[in-house]
Amino acid sequence: MSGKKTGKSEAGHIKLSARREKNNVIIEIEDDGKGIDVEVIKRKAIEKGVLSSFDAENLSEEEIRMLIFAPGFSTKDSPTEISGRGVGMDAVKTAVEKLGGKVRVYSKKGEFTRIRIDLPPTVAIIKSLLVDVGPETYAIPISNVVKALSVGSNDYKIVKETPLLYIRDKLIPIIELKEIFGIECEKLDQQIAIIVEKENEEVGLIVDSIIDQQEIVIKPLGNVLSNSKGFIGATILGDGRVIPIIDVSMLIKGDNDD
């Protein structure tokens, strides 16, 4: 049924939102289309053998709507290049559940459909600085950052054979990320000191350059890397690169323990 016949504009609207509720990340996608017809879903599910007629009569509307996530399920009679093969929604649900999250569907026939994705605390969205250290790229959570400064050899003082940053009449301990992560590359004449704070003490993380400031999704490290120190997780950039996210507190603690 066209938008005009239902009193709606011919141009539909899709609303995408993300927010935090307590410790969870909530992502919602909502349209103002014709909604989900549970009778159509039920009929197609029976035709495709997804469930029996008896089971269909005992399901709630919410349970029937969730059938759109069944592998291979589609209400289309014939698939096209972009839809009708029954793999899209199944893939979404599988990916979300692998992260420990869940998907729910809300809909009202003739009015709207809303997909809600709940992600657990292990999957969070944070603001970060993307930095280069030699040929490697890392993300530093901005919540830990006080400021960033361009520094050269004149900004250092040697105290008891230990190099410290001397900024505005203040000595600041440093952590060379090249040394921490074992990266072999030349030291640049000008570098960037990312000043972070812990327990009212400032520490400078020395990097080569700042690439960008981005909101990133934290993905937990796999079992193989779960014991790696210095990282809270990783993120995947738009170009497909996997970037480690630095655990600032762990780095500072480890440096102090040395």
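Here the residue numbers are simple positions, counted from 1 along each chain's written sequence. In keeping with the predicted nature of the model, local features appear solely for residues at pLDDT of at least 70, side-chain atom pairs appear and are counted solely at 80 or more, and the whole-chain, interface and lining totals rest on all residues. Just so you know, side-chain values use all the structure's heavy atoms and leave hydrogens and water out.

**With respect to the overall build of the protein chain**
A count of helical and extended segments in the protein chain gives six helices and 15 strands. Summary of the burial criterion: residues with accessible area below 20% of their type's maximum are buried, those above 50% are exposed, and those between are partly exposed, where the area comes from a 1.4 Å probe applied to protein chains only. By residue count, 34% of the 258 residues in the protein chain fall in the buried class. With residues, only the protein chains shown are counted as cover, and all accessible areas are computed by Shrake-Rupley using a 1.4 Å probe. Accessible surface, the protein chain: about 16200 Å² in total, of which carbon and sulfur atoms supply 49%. In this description a helix means any DSSP run of H or I spanning at least four residues, a strand means any run of E spanning at least two, and both kinds are numbered starting from the N terminus.

**Structural notes on the sheet that holds strand β1 (residues 14-21)**
Backbone hydrogen bonds are what pair the strands of a sheet, in a parallel or an antiparallel way. The pairing criterion is simple: DSSP has to find at least two bridges between the two strands. Here we have four strands laid out as an open sheet, ordered β1-β2-β4-β3, and antiparallel in their pairing. Where the open sheet ends on each side, the last strands, each with one partner, are β1 and β3 (102-108). Averaged over all adjacent pairs, the angle separating strand axes in this sheet is 15°, with direction ignored. Pairing geometry for β1 and strand β2 (residues 24-31), over eight bridges, is antiparallel. Axis definition: a line fit to C-alpha positions, over the contact stretch in the case of helices; interaxial angles, taken between N-to-C directions, run 0 to 180 degrees.

**A closer look at the pairing of strand β5 (residues 125-133)**
Bridge analysis of β5 against strand β13 (residues 209-217) gives eight bridges, and the strand direction is antiparallel. Across the sheet, the residue bridging to V131 is I210, located in β13. In this sheet, strand β6 (residues 136-141) lies alongside β5 in antiparallel orientation, the contact comprising six bridges. Note on β6: the bridge partner recorded for V131 is Y138. Taking the residues that link successive antiparallel strands as the turn, the β5-β6 hairpin has two residues, and the phi of G134 there is positive, at about 60°.

**Overview of the sheet that holds strand β11 (residues 191-198)**
The sheet built from six strands is open, its strands ordered β7-β11-β12-β10-β9-β8 with mixed pairing. Two strands bound the open sheet, and with one partner strand each, they are β7 (145-151) and β8 (156-159). For this sheet, the mean inter-axis angle between neighbouring strands, taken without regard to orientation, is 40°. Strand direction decides the pairing type here: β8 and strand β9 (residues 162-167), joined by four bridges, are antiparallel. When the bridges of β9 are listed, I158 appears paired with P163.

**Examining helix α1 (residues 38-47)**
Along α1, the residues classified as buried are V38, I41, K42, K44 and A45. In the core, the buried residues of α1 are packed alongside α2 (53-57) and α3 (61-65). After α1 finishes, the residue G49 shows a positive phi value of roughly 75°. Contact between two residues is taken to exist if any of their heavy atoms lie within 4.5 Å; hydrogens are not considered.

**Things to note about the packing of aromatic side chains**
Aromatic rings from Phe, Tyr and Trp, taking only the six-membered ring of Trp, are treated as a pair when their centres fall within 6.5 Å; an angle between ring planes under 30 degrees marks them as stacked, one over 60 as edge-to-face, and anything in between as tilted. The tally for this structure, following the rule as stated, stands at three aromatic pairs. Aromatic side chains Y138 and F181 sit 4.8 Å apart centroid to centroid with 25° between the ring planes, which places their arrangement in the stacked category. With a gap of 43 residues between them, Y138 in strand β6 and F181 in the loop between α5 (177-180) and β11 connect regions that are remote in the sequence. Clustering of aromatic rings is evident, with ring pairs tying together Y138, F181 and F231. Positioned above the aromatic ring of Y166 is the side chain of K157, whose terminal nitrogen or guanidinium carbon lies 5.2 Å from the ring centre. Counting as a charge over the ring demands two things of the Lys NZ or Arg CZ atom: a distance within 6 Å of the ring centre and an angle within 35 degrees of the ring normal. The positively charged end of K187 is found above the aromatic ring belonging to Y156, 5.1 Å away from the centroid.

**Some thoughts on unusual backbone geometry**
With a phi close to 65°, E161 is a non-glycine residue in the positive phi region. Tracing the chain through its elements places E161 in the loop between β8 and β9. In this structure, D169 is a non-glycine residue whose phi angle is positive, near 60°. As for its position among the elements, D169 is in the loop between β9 and β10 (170-176). D169 gets classed as exposed once you look at its relative accessible area, which sits at 67%.

**Regarding the side chain of R65**
Along the chain, R65 falls in helix α3. A polar atom in the side chain of R65 sits 3.4 Å from the backbone oxygen of V105. Aside from chain neighbours lying at most four places away, what touches R65 is I36, V38, V105, Y106 and S107. Polar contacts here mean pairs of N or O atoms no more than 3.5 Å apart (in protein, one a potential hydrogen donor and the other a potential acceptor; neighbouring residues in sequence count only if both atoms are side-chain atoms).

**Quick look at the pattern of salt bridges**
Here, a salt bridge means any side-chain nitrogen of Lys or Arg that lies within 4 Å of a carboxyl oxygen of Asp or Glu. Applying the stated rule across the entire model yields 16 salt bridges. The salt bridge involving K93 is made with E97; its shortest N-O contact spans 2.7 Å. With K93 and E97 both in helix α4 (residues 88-98) and four residues apart, this pair spans about one turn of that helix. Using a relative accessible area of 23% as the deciding quantity, one classes K93 as partly exposed. One salt bridge connects K178 with D208, and the closest N-O pair in it is separated by 2.3 Å. Residue K178 is found in helix α5, and its partner D208 is found in the loop between β12 (201-207) and β13; the two are separated by 30 residues along the sequence. Linked by salt bridges that have partners in common, R19, E28, E30, R104, R114, R116 and D118 make up one network.

Take it as geometry only, folks, not as evidence of what the structure does.
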